[in-house]
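Listed here are the chains, written in short residue letters.
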Amino acid sequence: MELRVQLKVCEGCGCLWYRAQSNDGVYCHACKSKLREFPAPESRKRRGRRPARGPALRAWVTAEEAGGAR
Ligand SMILES: [Zn+2]
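This report concerns the structure included in the present document. Within each chain, residue numbers correspond to sequence positions counted from 1 in written order. The predicted nature of this model means local features are confined to residues of pLDDT at least 70 and side-chain atom pairs, given and counted, to a pLDDT of 80 or more, with totals for whole chains, interfaces and linings taken over all residues.

**Considering the pairing of strand 2 (residues 16-20)**
At step 1: Counting buried positions along strand 2 gives zero out of five residues, so the element sits mostly on the surface.
At step 2: A pair of strands counts as paired when DSSP detects no fewer than two bridges linking them. Elements are defined by DSSP. Helices are runs of H or I of four residues or more, strands are runs of E of two residues or more, and each kind is numbered from the N terminus. In terms of strand pairing, strand 1 (residues 5-9) meets strand 2 through five bridges, oriented antiparallel. From the neighbouring strand, Lys8 faces strand 2, where its bridge partner is Trp17.
At step 3: Here strand 1 hands over to strand 2 after six residues, with Gly14 in that stretch at a positive phi of 85°. To assign burial, the other C-beta atoms lying within 10 Å of each residue's own C-beta are counted, with C-beta atoms placed from the backbone; 20 or more indicates buried, 12 or fewer indicates exposed, and intermediate counts indicate partly exposed.

Below is the structure:
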C-alpha cells in the first residue's frame, strides 16, 4: 500500500508539513491541536470587535441616531 502525502505550508504558523491525501486540513499538527482549544478565527474576531470604540465612530453613531429620531 502506498501512502500519498503532499508537502504543505501551514496557514497557521507557515511551517512546512506533510499532509496525507485523505486529510484536507490546512494547518500543521501543532496548529490543529492549538486551534481545537479555541473557537473559529471568525468568531474570535467578532467577539474582539467593540462597538463605538473611538470618538469618530461614536460621533457617527450619534449622528445616525439623531437623524433617525428626528
Ligand atoms: Zn502550523
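On we go.
**Here's the deal with the environment of Trp17**
At step 1: For Trp17, the position within the fold is in strand 2.
At step 2: Sequence separation between Trp17 and Gln6 is 11 residues, and the spatial gap between their C-alpha atoms is 8.2 Å.
At step 3: Trp17 has contacts with Lys8, Cys10, Cys28 and His29, leaving out every residue within four places of it along the chain. Each residue is represented by a C-beta atom placed from its backbone, and any two residues with such atoms within 7 Å are regarded as in contact.

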